[in-house]
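# Summary of the model geometry
Below, each chain spelled out in residue letters.
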Amino acid sequence: MSHATPSVTLVGAGPTGALLAILLRRRGFRVVVFEARPDPRRHPEESGRSINLALAARGIRALEQVEVLDALRSGLVRMRGRCVHERDGRTAMQPYGTRADEAIYSISRAALGRLLLDVATAEYGVDVRFEHRLETIDWRSGHAVIRDSAGHRIEVPMRPLIACDGAGSRVRRCLADTHRIDAREEELEHGYKELSIPASAGGAAALPREALHVWPRGDHMLIALPNDDGSFTATLFLRRRGSPSFESLADERAVAQFFDAGFPDVAPLMPRRAAEWRDRPVGFLGTVRAAPWHHRDQVVLVGDAAHAVVPFHGQGMNCCFEDCLALDGCIGAHRDWESRFKAFYAQRKPNADAIAAMSLENYEEMRAKVVDRRFQVQSALAHELERRLPDRFIPRYSMVMFHPEIPYRVAETRGRVQARLLAELTAHASSLADVDLDAAQRVVEAGLAPVAQDLSSVTNV
Ligand SMILES: Cc1cc2nc3c(=O)[nH]c(=O)nc-3n(C[C@H](O)[C@H](O)[C@H](O)COP(=O)(O)OP(=O)(O)OC[C@H]3O[C@@H](n4cnc5c(N)ncnc54)[C@H](O)[C@@H]3O)c2cc1C
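Sequence order sets the numbering: in each chain, residues are counted from 1 along the sequence as written. At least 70 in pLDDT is required for a residue's local features to be given in this predicted model, at least 80 for side-chain atom pairs to be given and counted, and no such filter applies to totals for whole chains, interfaces and linings, which use all residues. Hydrogen atoms and water are omitted, and side-chain values are computed over all heavy atoms in the structure.

## Notes on the overall build of the chain
The line we're drawing: Labels follow the DSSP assignment, with helices taken as runs of H or I lasting at least four residues and strands as runs of E lasting at least two, numbered in each case from the N terminus. Each residue gets one of three labels from its accessible area relative to the maximum for its type: buried under 20%, exposed over 50%, partly exposed in between, using a 1.4 Å probe on protein chains only. In this description, contact between two residues means that some pair of their heavy atoms is separated by no more than 4.5 Å.
Summing up its helical and strand segments, the chain has 15 helices and 20 strands in all. With the C-alpha coordinates of the chain rotated into their principal frame, the extents come out at 70 × 55 × 40 Å. Burial statistics for the chain: of 461 residues in total, 53% are counted as buried. Restricting the contact set of the chain to residue pairs at least 6 apart, pairs at least 24 apart contribute 71%.

## Topic: the domain arrangement of the chain
As a reminder, the rule being used: Segmentation of the chain into domains, including their bounds, is taken from an automatic or database domain assignment. Put simply, buried area is the surface a 1.4 Å probe can reach on two separate parts but cannot reach once they are joined, added for both. One side-chain nitrogen of Lys or Arg within 4 Å of one carboxyl oxygen of Asp or Glu is enough to make a salt bridge. In the analysis that follows, any N or O atom pair within 3.5 Å is treated as a polar contact, provided that within protein one partner can donate a hydrogen and the other can accept it, and provided that, for residues neighboring in sequence, both atoms belong to side chains.
Each domain of the chain was delimited in the assignment, giving domain 1 (7-75 + 109-187 + 286-362) and domain 2 (372-455). Distance from the C-alpha centre of domain 1 to the C-alpha centre of domain 2: 34 Å. Buried surface at the junction of domain 1 and domain 2, both sides included, amounts to about 1,400 Å², of which 57% is carbon and sulfur. Of all residues in domain 1, Arg58, His313 and Met358 bury the most surface against domain 2, accounting for 42% of the area lost on that side. The interface formed by domain 1 and domain 2 holds one salt bridge in total. Residue Arg396 pairs with Glu361 through a salt bridge whose shortest N-O separation is 2.8 Å. If you look at where domain 1 meets domain 2, you find 10 residue pairs in polar contact (both at pLDDT 80 or more). Elements that contribute at least two residues to the side of domain 1 that touches domain 2 include exactly helix H2 (57-65), helix H9 (316-333) and helix H10 (337-367). For the side of domain 1 that touches domain 2, the leading source of residues is H10, giving nine residues.

## Observations concerning the sheet that holds strand S4 (residues 77-79)
Our working rule: Strand pairing requires that DSSP identify at least two bridges connecting the strands. The convention used is that axes are lines fitted to C-alpha atoms, helices contributing only their stretch in contact, and that angles between N-to-C directions extend from 0 to 180 degrees.
Strand order in the open sheet formed by three strands is S3-S7-S4, and the pairing between neighbours is antiparallel. Two strands bound the open sheet, and with one partner strand each, they are strand S3 (52-55) and S4. Recorded for the sheet is a direction-independent mean angle of 35° between the axes of neighbouring strands. The pairing of S4 with strand S7 (residues 104-108) spans three bridges and is classified as antiparallel. In the strand pairing of S7, Met79 is matched with Ile104.

## Some words on the nonpolar core
The following threshold applies: Only buried Ala, Val, Leu, Ile, Met, Phe, Trp, Tyr and Cys residues count toward a nonpolar core, and they belong to the same one when joined by side-chain atoms within 4.5 Å.
If you look at the biggest cluster of nonpolar residues, it comprises 75 residues, and the most contacted ones within it are Leu10 and Ile162. Of the residues forming this core, the biggest block, eight residues, is contributed by H9. Sequence-distant contacts of Leu10, that is, excluding residues within four places in its chain, are made with Gly17, Leu20, Ala21, Leu24, Val31, Val32, Val33, Phe34, Ile162 and Cys164. The next biggest cluster of nonpolar side chains, apart from the first, holds 37 residues, and it includes Val309, Phe312, Val400 and Ile406.

## Topic: the state of the cysteines
Stated precisely, the cut-off is as follows: Note on disulfides: each one is a pair of cysteine sulfur atoms within 2.5 Å.
Across all of its chains, the model carries zero disulfides by this definition. Here Cys319 stays unpaired: no disulfide links it, and the sulfur of Cys320, its closest cysteine neighbor, is 5.9 Å away. With no disulfide of its own, Cys324 lies 6.5 Å from the sulfur of Cys164, the closest cysteine sulfur.

## Observations regarding the site of the ligand
The test is simple: For each residue, the test is whether any non-hydrogen atom lies within 4 Å of the molecule or strand; if one does, the residue is near. Only the protein chains shown count as covering a residue, and every accessible area follows the Shrake-Rupley method with a 1.4 Å probe. Classification convention: Asp, Glu, Lys, Arg as charged; Ala, Val, Leu, Ile, Met, Phe, Trp, Tyr, Cys, Pro as nonpolar; all other residues, Gly among them, as polar.
Around the ligand, the surrounding shell holds 31 residues, and the nearest of these are Thr16, Glu35, Ala54, Arg109 and Met317. Interatomic distance of 2.7 Å between a backbone N/O atom of Ala54 and an oxygen atom of the ligand. Within the contact set of the ligand, an oxygen atom lies 2.9 Å away from a backbone nitrogen or oxygen of Met317. In isolation the ligand offers 1,000 Å² of accessible surface; the protein chains occlude 89% of this area. When contributions to the shell around the ligand are tallied by element, the ones reaching two or more residues are helix H1 (15-26), S3, strand S9 (132-138) and H9. The element best represented in the shell around the ligand is H9, accounting for four residues. Residue classes in the shell around the ligand are distributed as 12 nonpolar, 11 polar and eight charged.

## Here we look at the environment of Phe284
Along the chain, Phe284 turns up in the loop between helix H7 (273-279) and strand S18 (286-291). In this structure Phe284 comes out as partly exposed when scored by relative accessible area, which is 46%. When the C-alpha positions of Phe284 and Phe341 are compared, they lie 29 Å apart, and in sequence the two are 57 residues distant. Among residues more than four places away in sequence, those in contact with Phe284 are Glu187, Tyr192 and Arg240.

## Some points on empty space enclosed by the protein
Rules: In this analysis the probe radius is 1.4 Å and the grid spacing 1 Å, with only protein atoms considered; a cavity is a set of points the probe fits into but cannot get out of, a pocket is an open set with protein on both sides within 12 Å along at least five of seven lines, and lining residues have an atom within 4 Å of a point. Grid points are joined across faces, edges and corners, and a volume is the space filled by probe spheres set on the points.
Counted according to the given criterion, the structure contains one cavity of 30 Å³ or more. One number sums up the size of the largest cavity: a volume of about 40 Å³. Along the walls of the largest cavity sit Val288, Arg289, Trp293, Ala306, His307, Lys349, Ala352, Asp353 and Ala356, which together make up its complete lining. Take the lining of the largest cavity: its biggest share by element is four residues, from H10. Here the lining of the largest cavity is built from residues that sort into five nonpolar, one polar and three charged.

## Thoughts on the pattern of salt bridges
What the rule picks out here adds up to 37 salt bridges. Note that Arg27 and Asp328 form a salt bridge whose closest N and O atoms lie 2.7 Å from each other. Note that Arg27 is positioned in the loop between H1 and strand S2 (30-34) and Asp328 in helix H9, a separation of 301 residues in sequence. According to the relative accessible area criterion, Arg27 is partly exposed, its value standing at 41%. Looking at Asp328, the relative accessible area reads 11%, which means it is buried. Arg348 serves as the salt-bridge partner of Glu322, at 3.0 Å between the closest nitrogen and oxygen. On the criterion of sequence distance, the pair formed by Glu322 in helix H9 and Arg348 in helix H10 is long-range, its members being 26 residues apart. Here the two residues Glu322 and Arg348 agree in accessibility, since each one is buried.

Here it is as structure tokens:
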């Protein structure tokens, strides 16, 4: 690579940084990534971060574009719906979509991270410097200040600096502290803790595998995603303070009582619960809102650094991957960095705001509404309307998870209209049989434009 090759500096080699590094190398840039942690391919994963993730169509599209999906396929576990576990032990499978191919996939965060890093470094020659932490930005000289593991201070010119340093982004804080952008971190009252549900000695799964399991308990919930070895990773979402809360469940007896009373069917499937409860930290959940995401042609925030969302729609990383494709497109379409960053922000900010709002709404849906009869009738009607009017009525969950051509903000706007129509059409119905489906179809045709009409003026990456 000649010295004349334009060079880009990234901070953070998480999913966003690793994928973006590949895309930038494909455009011919020299790419250096500074990553605070040690190389995850040589060091075991830190505990406390989510172990698996739900991968959906937006993320799949990005991974296909950089040709890494095939290498991941054997580790993907298909989830075709949500399996709801009621307090009395009854279960109900709620399919996510109407078509067989409408499923989401559980993927190991560590395996995905390792593969993206392997491809970035070995195939594309990205220079990743592990154990190099960005400390601050020297605005006067235009340098990022990095500290390596030996304590050496390194100054890197921001020509430009692309910050993929996650929800707690140091770069974002440097920009906000010096009033170059506005940024807020809105903490949710709920935190989370991960617990394991091992497979049997023979590898048999303790729960049906083709589902994302949910134990909705009103104010809190437990979920479990399947892993490719037959085990599940469960996550308890619970208030940090109050009763019940992570604070109030202070000793093993209280924790055992809480699980036996609220989750009697799954409690016996967690033999390591006591130790995991003790050893694993309570994770932070929140929404990051920033405006704008860039400063001149020097710095831009991408991924969680710009817009972390709560995980209840399973879209955080999927959205970050969409960001990477969008920024790559803006780089192709504009000649200078400031125009690229401005175009990227204009395209992505409304979509990031929309998925932030929908992710918060989905928490209530998952922890409370899924067991509500009205919600179930509305879901059944939404699927029936999609079967009858596939060009016009697509349930909001499906628009977000299975339709990457529909930007989040269009999904949110259409979803609001659809929610109103569904509420009106099911006002006096206690089951789908009570709804006059032909009349409902006419109401939708009159009240909701075809999807294509809303997409005619927008492009999504
Ligand atoms: C409980 C939970 C469940 C989730 N489930 C899902 C899901 O099912 N589906 C989904 O799509 N998303 C999910 N997410 C969201 C997803 O994890 C994030 O959106 C995604 O990890 C963001 O990627 P990122 O690379 O932008 O940030 P990160 O993954 O946070 O990576 C940032 C990287 O930057 C490095 N870094 C940080 N500071 C510095 C510094 N100062 N200097 C150098 N390097 C630094 C970090 O070490 C890290 O490697 C979930 C999140 C949580 C918390």
